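Descriptive analysis of the structure
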Amino acid sequence: MIDDLPPLRDVIRTHDLRAKKSFGQNFLLDLNLTARIARAAGDLTGADVLEVGPGPGGLTRGLLAEGARRVLAIEKDARCLPALAEIEAAYPGRLSVIEGDALAVDPLAHLTPPIKIVANLPYNVGTELLIRWMTPDTWPPFWDSLTLMFQREVAERIVAKPGSKAYGRLALMVQWRADAKIVLNLPPEAFTPPPKVSSAVVHIVKRDAPRFPAEAKVLERVVAMAFNQRRKMLRAALKGLHPDIETLLHSSGIAPTARAEEIGLEQFCALARALKDNR
Ligand code: SAM
């Protein structure tokens, strides 16, 4: 027992929260598991937590029981609000709920640093938010860490290293300015109803400065072009970037005949700098 609130199956029955496909709802009903996910986010005492997609509140309860100073939860499905109000009442002053689309709501006005983000979201929304959180206009971002549930295959793309099939834009975008690791693997049966694929929780901690210097926009463009045609040699895939791309590749320590998936972050950053200096 992590709190005195009713078990989640009862909450779902009382509030008639049958999972809807249109909201991407696959709920976690085991409170020991949601507490484990909350613990994967690190020490929550003294931190504000932004939770996206609380649903019936299993993870929300985990976050509060684990000591989060405050939780701000954004939920699109209005049917969940009465269940979340019961949690609010059990933890006075520590939970605020906003009804809305996380892609449209600006949570910053409601949060005080340090801020951690934790979510079990529909996969498409999760990936879109991850990309936004990783590419703010200025770095460091407003958050300290992201602890997010993904489809296993997407989690593997986030932590992938050069030379693997999963390696690409997502890995480079995340690993340039953050440390990412898979902290929990979950089979479909952990969810109600079970999704078709396995899931994994990824914990991402921001670095104050990028691992290697580069201008974000230039690096993003290079990486996007390189992996758009990942089977091509880089001198061909990147030829639209600069009239003398072969020389720039050489000076960045990259063989022009190499393919994107063989190239590490350090070399991509060197190429982004060379492009910027030779515009
Ligand atoms: N966090 C809960 C749990 O672990 O059991 C629910 C997880 S369920 C996979 C995803 C939740 O995100 C649902 O409650 C759904 O209504 C909500 N949701 C879906 N799209 C959303 C969006 N764009 N903004 C905010 N919430 C969203």
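Residue positions are given per chain, counted from 1 along the sequence in the order it is written. Totals for whole chains, interfaces and linings use every residue, but because this is a predicted model, local features are given only for residues with pLDDT of at least 70 and side-chain atom pairs only at 80 or more, for both listing and counting. Excluding hydrogens and water, the side-chain figures rest on all heavy atoms present in the structure.

Looking at empty space enclosed by the protein
Here a cavity denotes a set of grid points, spaced 1 Å apart and computed over the protein atoms alone, in which a 1.4 Å probe fits but from which it cannot get out, and a pocket denotes an open set meeting protein on both sides within 12 Å along at least five of seven lines; residues with an atom within 4 Å of a point are reported as lining. Grid points are joined across faces, edges and corners, and a volume is the space filled by probe spheres set on the points. All chains considered together, the criterion is met by one cavity of 30 Å³ or more. By volume, the largest cavity amounts to about 40 Å³. In terms of lining, the largest cavity is formed by Leu5, Pro6, Leu8, Val11, Pro56, Arg61, Ala83, Glu86 and Ile87. Of all the secondary structure elements, the ones that give two or more residues to the lining of the largest cavity are helix H1 (8–14) and helix H4 (81–90). The secondary structure listing takes helices from DSSP runs of H or I that are at least 4 residues long and strands from runs of E that are at least 2 residues long, numbered from the N terminus. In terms of residues, the lining of the largest cavity owes the most to one element, H4, which gives three residues. Residues are grouped as follows: Ala, Val, Leu, Ile, Met, Phe, Trp, Tyr, Cys and Pro are nonpolar; Asp, Glu, Lys and Arg are charged; every other residue, Gly included, is polar. Grouping the amino acids of the lining of the largest cavity by side-chain chemistry returns seven nonpolar, no polar and two charged.

Quick word on unusual backbone geometry
With an omega of -5 degrees, the peptide bond between Pro113 and Pro114 qualifies as cis. Mapped onto the elements of the fold, Pro114 is located in the loop between strand E4 (95–99) and strand E5 (115–119). In this model, Thr192 is joined to Pro193 through a cis peptide bond whose omega is -10 degrees. Inspection of the secondary structure assignment puts Pro193 in the loop between strand E8 (191–192) and strand E9 (199–206).

Some points on the environment of Glu66
Of note, Glu66 is situated in the loop between helix H3 (58–65) and strand E3 (70–75). The buried label applies to any residue whose accessible area, calculated with a 1.4 Å probe on protein chains only, is under 20% of its type's maximum; exposed applies above 50%, and partly exposed to all values in between. Since its relative accessible area comes to 26%, Glu66 is described here as partly exposed. Note: C-alpha distance between Glu66 and Asp30 (36 residues apart in sequence) is 15 Å. When sequence neighbours within four positions are dropped, the list of residues in contact with Glu66 reads Ala35, Ala38, Arg39, Leu44 and Thr45. Contact criterion: two residues are considered in contact whenever any of their non-hydrogen atoms come within 4.5 Å of each other.

Considering the side chain of His242
Here His242 shows up in the loop between helix H9 (234–237) and helix H10 (245–251). At a separation of 3.0 Å, a polar atom in the side chain of His242 contacts the main-chain amide nitrogen of Asp244. Only 3.0 Å separates the side chain of His242 from the backbone oxygen of Asn278, close enough to count as a polar contact. Among residues more than four places away in sequence, those in contact with His242 are Leu248, Leu275 and Asn278. Contacts described as polar in this section are N or O atom pairs within 3.5 Å, which, within protein, must combine one atom able to donate a hydrogen with one able to accept it, while residues neighboring in sequence count only if both atoms come from side chains.

Points about the packing of aromatic side chains
Any pair of Phe, Tyr and Trp rings, taking the six-membered ring for Trp, is counted once the centres come within 6.5 Å. Such a pair is stacked with planes under 30 degrees apart, edge-to-face with planes over 60 apart, and tilted for the rest. The final tally for this structure, using the stated rule, is three aromatic pairs. When the ring of Trp139 is compared with that of Trp143, the centres are 5.9 Å apart and the planes differ by 90 degrees; the resulting orientation is edge-to-face. Residue Trp139 shares its accessibility class with Trp143, and that shared class is buried. Aromatic pair Tyr167 and Phe227: ring centres 5.8 Å apart, planes at 80 degrees, arrangement edge-to-face. Of this pair, Tyr167 sits in the loop between helix H6 (152–159) and helix H7 (169–177) while Phe227 is found in helix H8 (residues 216–228), placing the two residues 60 residues apart along the sequence.

Note that all results are geometric; they support no functional claim without further evidence.
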